[in-house]
Amino acid sequence: MEQVRLTTRDYSLFYGEFRALNRISLSIPANRITAFIGPSGCGKSTLLRSFNRMNELIPGVRTEGTVLLDEGDIFREDVVNLRKRVGMVFQRPNPFPKTIYDNVTYGPRVHGMKNRSKLAAIAEESLTRAALWDEVKDQLHKSAMALSGGQQQRLCIARAIAVSPEVILMDEPASALDPVATIKIEELMNSLKEKYTIVIVTHNMQQAARVSDFTAFLLTDENRAGNMVEFGPTNRIFTSPSDRRTEDYITGRFG
Amino acid sequence: MRKLVQNAAFTVFWMAGLGAVLIMLSVVGYVVFKGFADITPEFFTTSPRGGLSGEGGIQSTIITTVYLVVLTLLVATPLGVGAGIYLVEYADQARSGFMKRITSAARFGVETLAGVPSIIFGLFGYALFVTALKLGFSLASAALAGSCLIIPVIIRTTEEALKAVPDSYREGSLALGASRWETIWKVILPSAFPGITTGIVLGAGRIVSETAIFFVTLGGSYRTPTSLLASGRSMALHVYYLAMETRAFDKAMATAAVLVVLVILMNLSINMISRRITRDTR
C-alpha cells in the first residue's frame, strides 16, 4: 500500500452558485507523480489549485468536503504555512523581474531567513535540483527575464523547491515550452519525485503516460460540474481503463 | 476614387497635425526666444525687489517653487500612492457589496477631482487652510491645497501602474507563502515603481505650473519664505504678478522662459522613465 500524501473526500467547489467540482474523492500517493487529465474546463486545474488554496484568491469561491495534507485539514492550517508545504509551478513561467538569485531566494527570505551563506547554499542546491545550476551559475545576478522560456520554468521550479515543500503542484508546466524544453522538464520531474510528491495537470496524454505513476481522469457532467471518472495507476488507466468514457478520451474519440 | 478620398483624408490629417505642432512650437519658441534675451546670470541670483518697475531677478521665486514642490510631494505622495495601492490591491479583492460600493464611489470621486479646475481647490484651500485653520497665506496652506490638487493624479497613475503588473507575479509570490503585504512590498511595488514615479513627476509638474490655486493660498510675497507659515511666490505666480501688476513684461517673459524649459525637462524625465519601463518588461 502506498503512503498517501494528499486526500480529498467528497470535495466540491463552487463559484458562487455554480458547482465546478462535484464530490471528488481521491488519494494521492507520496513520492509519486500523479497526473490529472481531462478535456478543457473539466476542473482539473481548479482541483490542483485546491491543494494550496489558490482558489481563495477568486471572490465568491466556496468549498464543501475535506482536503487533507498528510493527516491535517488544509482549511484549518495557516495558509502561509500550507503554501510553504505545497509549492506550485504555473502554466506560463512567471519569474519575478529580479535577478536569478533573488528569484530563488525569494521564498526563504519571505519566511525570515537572513543568513547570506545559508541563502547562497539554498540557491545552489535548488538550482542544482532543478537542473539549471550549470547554465546559470556565472550569471546569478543577472535578470531572470533574460533566460529562455524553458530556463525560466526550471527557475520557477527551483524557486518552489527552495522553501523545501513536501508537494509540488504543476499546472501544465510545459504547455508554453518547445519540445526540447518539455523533455527537460519531464526528466526533471522524474528526478524530483524521490524527494517530493508531484501533482501535474496536463492536456497532453502522451506526457501523462510518459511521466506519471498515477492518473486521474476528470470529466464534466451534464451540469458542467467536474467529476472524477477514474483514478488509478497510469499503466492501468492507459491500457485497460474500467470506464468507457476514459477509454473514449484516451483513444482520442473526444476532447 | 477610393484612393482619392484616402489621399484627401490623409492630407487633412497631416495639415491638422502640422498646425498643432506649429502652434505649439510658436508658443514655446516665442516665449523662449523673447525671454532668453533678458536672461543674465544675475537674473537667477537676485531676488525681485517689488514695486511697479518689477526690478530684480527670480532667486526667491525659484527657492519658493522648490519648497512648494517638496512640501506638496511630502504630503501628497504617501497619501496618493497609499490610496492607489489600497484601491487596486485590497479594495478590488473585497467580497462584500458594501465595500465594493465604497470603492467605486471613491474611484468616481478621484476621477472627478482630477478634472476639477485648480482654482476650485484654491477656494477650498483658502476657506479651510488659510481661514478656518488660520494658516494664513503661507507655504503650509499652499502645500496642503496643492496636495489636494495632485493626489487624484498620483492615485490614478499609481492605480494604472499597479494594474499593469501581471497577475502571474502576484500568484507566484502568494504561492510561495508570501503574505499579501509581502507580495505588494517585495514584488508589485518594485515592478510598478517607474509608473508610480511618472505620476509623482506629473504631480510635481502641476505644482510648478499652476497659478490660480496658489494665488489664493500662497499669497504673493516676493521674499524668500523663512518658515512654513511664511507667504511666498512660486515662479508661475511671479509671472502673473509681473505681467499684471508691473511694467516689466520682459521680466515676465524671461521668467516664463525658465519655467517652460523646466517643464520640458520634467516631461523629458517622464519619457526616460517610461522608456525604462518598456525596456525592463521586454
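Counting starts from 1 at the beginning of each chain's written sequence and moves along it residue by residue. Chain letters and ligand numbers both follow the written order, the letters beginning at A and the numbers at 1. Totals for whole chains, interfaces and linings use all residues, but because this is a predicted model, local features are given only for residues with pLDDT of at least 70 and pairs of side-chain atoms are given and counted only at 80 or more. Computation of side-chain values covers all heavy atoms of the structure but excludes hydrogens and water.

1. Description of the environment of B:Tyr169
- Take B:Tyr169: it is sitting in helix α7 (residues 167–175).
- Sequence-wise, B:Tyr169 and B:Ala20 are 149 residues apart; in three dimensions their C-alpha atoms are separated by 42 Å.
- For this analysis, residues touch if any pair of their heavy atoms sits within 4.5 Å. Those residues in contact with B:Tyr169, other than ones at most four positions away along the chain, are A:Pro95, A:Phe96, A:Pro97, A:Met145, B:Val187 and B:Ser191. Helix and strand assignments come from DSSP, with helices taken as H or I runs of at least 4 residues and strands as E runs of at least 2, each series counted from the N terminus.

2. Notes on the confidence of the model for chain A
- Confidence scores per residue from the predictor, reported as pLDDT, run from 0 to 100. Per-residue pLDDT for chain A has a mean of 93; in total, 99% of the residues score no lower than 70.
- Mean pLDDT across the elements of chain A bottoms out in helix α11 (residues 244–250) of chain A (91) and peaks in strand β8 (residues 197–201) of chain A (97).

3. A look at the confidence of the model for chain B
- Here chain B shows a mean pLDDT of 89. Residues at 70 or above account for 97%.
- The ipTM, which scores confidence in the relative placement of chains, is 0.92 for this predicted complex, and the corresponding pTM is 0.84.

4. Examining the nonpolar core
- As used here, the term nonpolar core means buried Ala, Val, Leu, Ile, Met, Phe, Trp, Tyr and Cys residues forming a set that is joined through side-chain atoms within 4.5 Å. Here the term buried applies to any residue with accessible area under 20% of the maximum for its type, exposed to any over 50%, and partly exposed to those in between, with areas from a 1.4 Å probe on protein chains only. In terms of nonpolar packing, the biggest core is built from 64 residues, with A:Tyr106, B:Leu68, B:Ile150, B:Leu162, B:Ile196, B:Phe214 and B:Leu218 touching the most fellow members.
- Contributions of two or more residues to this core are made by α4 (106–110) of chain A together with α3 (59–90), α5 (118–132), α6 (139–163), α8 (180–209), α9 (212–215), α10 (235–245) and α11 (249–281) of chain B.
- The next biggest cluster of nonpolar side chains, apart from the first, holds 45 residues, and it includes A:Leu132, A:Trp133, A:Leu147 and A:Leu192.

5. Here we look at the pattern of salt bridges
All names here are of chain A.
- For salt bridges, the criterion is a side-chain nitrogen of Lys or Arg within 4 Å of an Asp or Glu carboxyl oxygen. Scanning the entire structure with this criterion turns up 23 salt bridges over all chains.
- The residue Glu-56 makes a salt bridge to Arg-53 at a minimum N-O spacing of 2.5 Å.
- In this structure Glu-56 comes out as partly exposed when scored by relative accessible area, which is 30%.
- Connected through shared salt-bridge partners, Arg-5, Asp-70, Glu-77, Arg-85 and Glu-166 make up one network.

6. A short note on the environment of B:Phe108
- Within the secondary structure layout, B:Phe108 lies in helix α4 (residues 97–114).
- When the C-alpha positions of B:Phe108 and B:Met253 are compared, they lie 39 Å apart, and in sequence the two are 145 residues distant.

7. Some details on the interface of chain A and chain B
- Taken together, the contacts link 25 residues of chain A with 19 residues of chain B.
- A quick way to say it: buried area is the sum, across both parts, of accessible area lost when two parts are put together, with a 1.4 Å probe. The largest per-residue losses of area from chain A upon contact with chain B belong to A:Leu57, A:Tyr106 and A:Val110, which jointly make up 26% of the total buried on that side.
- Between A:Arg49 and B:Glu171 there is a salt bridge, with the nearest N and O atoms lying 2.4 Å from each other.
- Identification of polar contacts relies on pairs of N or O atoms within 3.5 Å, with a donor-acceptor requirement for protein atoms, meaning one able to donate a hydrogen and the other able to accept it, and with residues adjacent in sequence counted only if both atoms are side-chain atoms. At the surface where chain A touches chain B, the tally comes to five residue pairs in polar contact (both at pLDDT 80 or more).
- Those elements that provide at least two residues to the side of chain A that touches chain B are α2 (79–85), β6 (86–89), α4 and α7 (149–161) of chain A.

8. Quick word on the pairing of strand β7 (residues 167–171) of chain A
All names here are of chain A.
- For β7, a buried count of five out of five residues is recorded, marking the element as mostly surrounded by other parts of the structure.
- Neither face of β7 is exposed, since Val-167, Leu-169 and Asp-171 on one face and Ile-168 and Met-170 on the opposite face are all buried.
- Only strands joined by at least two bridges in the DSSP assignment are considered to pair. One ladder, built from four bridges, connects β6 with β7; its direction is parallel. Among the inter-strand pairings, Met-88 is bridged to a residue of β7, identified as Leu-169.
- Relative to β8, β7 is paired through five bridges, and the arrangement is parallel. Looking at the pairing, Ile-168 lines up with Ile-198 of β8.
- Handedness of a crossover is defined as follows: with both strands directed away from the viewer, a clockwise route from the first strand across the helix to the second makes it right-handed. Crossover handedness for the path β7 to helix α8 (residues 179–192) to β8: right-handed.

9. Notes on the packing of aromatic side chains
- Here the aromatic set is Phe, Tyr and Trp, taking the six-membered ring for Trp, and pairing holds for ring centres within 6.5 Å; pairs whose planes are under 30 degrees apart are stacked, those over 60 apart are edge-to-face, and all others are tilted. Under the counting rule described, the total for this entry stands at 13 aromatic pairs over all chains.
- Between the aromatic rings of A:Tyr11 and A:Phe75, the centroid separation amounts to 6.3 Å while the plane-to-plane angle is 20°, which identifies the pairing as stacked. Of this pair, A:Tyr11 sits in strand β1 (residues 4–15) while A:Phe75 sits in the loop between β5 (72–73) and α2; the two residues are 64 residues apart in sequence, bridging distant segments of the chain.
- With relative accessibility at 27%, the residue A:Phe75 sits in the partly exposed group.
- Seen from their ring centres, B:Tyr86 and B:Tyr90 are 6.5 Å apart, and the 15° between their planes marks the pair as stacked.

10. What to know about the domain arrangement of chain B
Residues and elements named next belong to chain B.
- For chain B, the domain assignment lists domain 1 (2–36) and domain 2 (42–281).
- Residue ranges for the domains originate in an automatic or database domain assignment. Here the C-alpha centroids of domain 1 and domain 2 sit 31 Å apart.
- At the junction of the two partners, domain 1 supplies seven residues and domain 2 supplies seven residues.
- For the pair domain 1 and domain 2, the summed buried surface comes to about 540 Å²; carbon and sulfur atoms form 92% of the total.
- Taken as a group, Val-31, Gly-35 and Phe-36 account for 61% of the area that domain 1 buries against domain 2, more than any other trio of residues on that side.
- There are zero salt bridges connecting domain 1 and domain 2.
- Taken together, the connections running from domain 1 to domain 2 amount to zero residue pairs in polar contact (both at pLDDT 80 or more).
- Residues were grouped as follows: Ala, Val, Leu, Ile, Met, Phe, Trp, Tyr, Cys and Pro as nonpolar; Asp, Glu, Lys and Arg as charged; and all remaining residues, including Gly, as polar. Here the side of domain 1 that touches domain 2 is composed, by residue class, of five nonpolar, one polar and one charged.

11. Details of α4(B)
Residues and elements named next belong to chain B.
- With 18 residues, α4 extends 26 Å between its outermost C-alpha atoms, agreeing within 8% with the 26 Å of an ideal straight helix rising 1.5 Å per residue.
- All of the buried residues in α4 are Thr-103, Arg-107 and Val-110. Buried residues in α4, looked at end-on, bunch into an arc of 60°, giving them a common side. For α4, the exposed residues set more than 90 degrees away from the buried face come down to Phe-98, Arg-101 and Phe-108.
- Residues of α4 that are buried sit in contact with α3 and α6. Residue count minus one, scaled by 1.5 Å, sets the expected span of a helix. Directions from the helix axis toward the C-beta atoms define the arc.

12. Remarks on the packing of α6(B) against α8(B)
Residues and elements named next belong to chain B.
- Interaxial angles span 0 to 180 degrees and are taken between N-to-C directions of axes, which are lines fitted to C-alpha atoms, for helices over the stretch in contact. Contact geometry for α6 and α8: axes closest at 8 Å, N-to-C directions at 150°. In terms of orientation, α6 and α8 fall into the roughly antiparallel class. The two elements α6 and α8 cross, and the hand of that crossing is right-handed. Note on element contacts: α8 touches α6 through Ile-188, Leu-189, Ala-192, Gly-195, Ile-196, Gly-199, Ile-200, Leu-202, Gly-203, Arg-206 and Ile-207, opposite Gly-146, Leu-149, Ile-150, Val-153, Ile-154, Thr-157, Thr-158, Ala-161 and Leu-162.
- Here the residues of the contact of α6 with α8 sort into 13 nonpolar, six polar and one charged. Angular relationships are summarised with four words: roughly parallel below 35 degrees, roughly antiparallel beyond 145, roughly perpendicular across 65 to 115, and oblique for the angles in between. The sense of a crossing depends on the near helix, which, turned anticlockwise from the far helix by less than a right angle, makes the crossing left-handed and, turned clockwise, makes it right-handed.

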